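A structural walkthrough
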Amino acid sequence: MSRASSHALKHPPVTAPSEPAGATPFPELAVAIDRERRRGRGAQSNDSGRFEAEARVAFDDGWQSLDELPPFKTTVGIDTSRKVIARNDSPDIGFDRSINPYRGCEHGCVYCFARPTHAYLGLSPGLDFESKLLAKPDAPELLEKELAAPGYEPRMIAIGTNTDPYQPIEREYKIMRGILEVLERAGHPVGIVTKSALVTRDIDILARMAKRNLVKVALSVTTLDPKLARTMEPRASTPPKRLEAIRQLAEAGIPATVMVAPVIPALNDAEIERILDAAAHAGAREASYVLLRLPLEVRDLFREWLMANYPDRYRHVFTLIRDMRGGRDYDSQWGTRMKGTGPMAWMIGRRFEIACEKLGLNKRRAKLTTDHFARPKRSGQQLSLF
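Residues numbered from 1 in each chain as written. Predicted model: local features only at pLDDT ≥ 70, side-chain atom pairs only at ≥ 80, totals over all residues. Heavy atoms only, no water.

1. Some words on the environment of K73
- If you trace the backbone, K73 turns up in the loop between strand 2 (55-57) and strand 3 (75-78).
- As a C-alpha pair, K73 and E130 span 57 residues in sequence and 9.2 Å in three-dimensional space.
- Not counting the four nearest positions on each side in its chain, K73 is found in contact with R41 and S131. (Helix = DSSP H or I, 4+ residues; strand = E, 2+ residues; numbered from the N terminus. Contact = heavy atoms within 4.5 Å.)

2. Observations regarding the nonpolar core
- Membership of the largest hydrophobic core comes to 67 residues, with the highest contact counts inside it found for L143 and L276.
- Tallying contributions element by element places helix 4 (residues 175-186) first for this core, with 7 residues.
- Non-local contacts of L143, meaning those with residues more than four positions away in its chain, are made with V84, I85, I99, I157, I179, V182 and L183.
- Ranked by size, the runner-up nonpolar core spans 24 residues in total, among them C109, Y111, L292 and F318. (Core = buried A, V, L, I, M, F, W, Y, C linked by side-chain atoms within 4.5 Å. Buried < 20%, exposed > 50% of the residue type's maximum accessible area, 1.4 Å probe, protein only.)

3. A word on empty space enclosed by the protein
- The full count for this structure, using the stated rule, is 1 cavity of 30 Å³ or more.
- Approximately 30 Å³ is the volume found for the largest cavity.
- For the largest cavity, the full set of lining residues is P265, L291, L292, I321, M324 and R325. (1 Å grid on protein atoms, 1.4 Å probe; cavity = no way out; pocket = protein on both sides within 12 Å on 5 of 7 lines; lining within 4 Å. Points joined across faces, edges and corners; volume = space filled by probe spheres on them.)

4. Side note on the environment of R37
- When you line up the elements, R37 lands in the loop between strand 1 (2-4) and strand 2.
- For R37, a relative accessible area of 17% gives the class buried.
- Considered as a pair, R37 and F72 are 35 residues apart in the sequence and their alpha carbons are 5.8 Å apart.

5. Here's the deal with unusual backbone geometry
- A cis amide bond links A261 to the next residue, P262, at an omega of -5°.
- Position of P262 relative to the elements: it lies in strand 11 (residues 256-263).
- If you check the backbone angles, N213 has positive phi at about 55° while not being a glycine.
- You can see N213 is positioned in the loop between helix 5 (203-210) and strand 10 (215-220).
- Its relative accessible area of 42% is what places N213 among the partly exposed residues.
- Its identity as a non-glycine residue notwithstanding, N362 has a phi of 70°, on the positive side.
- With respect to the helices, strands and loops of the structure, N362 is situated in the segment after helix 11 (343-359).

Take a look at the structure:
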């Protein structure tokens, strides 16, 4: 393994398919990590983060040293942040606060827009994002302190909007369950997004909260094709298990939403109607979709994955992406970044709306309430006489 200066070539040359007509040539793609070393992972490479002063490049020095490198194994460190509620003022999302029990995500979804956040840790948004995770085991205690603060005003907390709170390590750490216990005691509303059937483990808490209009759960179903799902989302629950989770949630009286996210043109966009139909029959009453987003390092990681798994669709996919992003690979403009622009984006939106109308989805939306909120008692706080 050689460490080169920051001006070193971070993407060693790899022959790429020809580009769409009139497009700016793509830069060279990073050399993929050996398949055996990344078995069960989504990303093909582990390029250095954008803030690093040096680039790491693997090359064979003639002594077969690359053969000795171990496979990528999941390791979990401890996040020592002293606050757990993150705030945002984004005008095009429906919440202003969120919680992320984990940093990084073992699900390994190659398109995950949270991947670039690993660069802030000095780690790669590629394979490091899937294998070098950070957990916040004291998140429930920190949350209780923040909810108890005198100036805290309750509004829905979103969980799972960055990394998945029910990724595989949650089975051991049970941080999400601890957070739900705090929110239930405080009567605080929460919205959950996940790709994992593990959410059904907490149906006992979620059902009690649902009776007080304190919770709703969204399952992201990207495809019904098991091969595509395993390739694109290698460690997430299979599509049938996600649909079964929707069914169990709905039967328990918990408002269930299906998210067709992300919609990737020429890859899974043909499945929109089938996904909505399957989810509606499982018990989902609401639905939403998000167009594929390729910010920062996600663009190159997705490109590498597409070349490795669907090279015949490479040009077509990126041509359509650019048609829906104003000629670019990604447009972060508020209001359009989730749905895109142009004829193709319009058609996807209309198909989604028509399918929802036929299936009776989104006729009534679950409304969460803050009426039950009771500020937790701080340690040593004197109880009121009245």
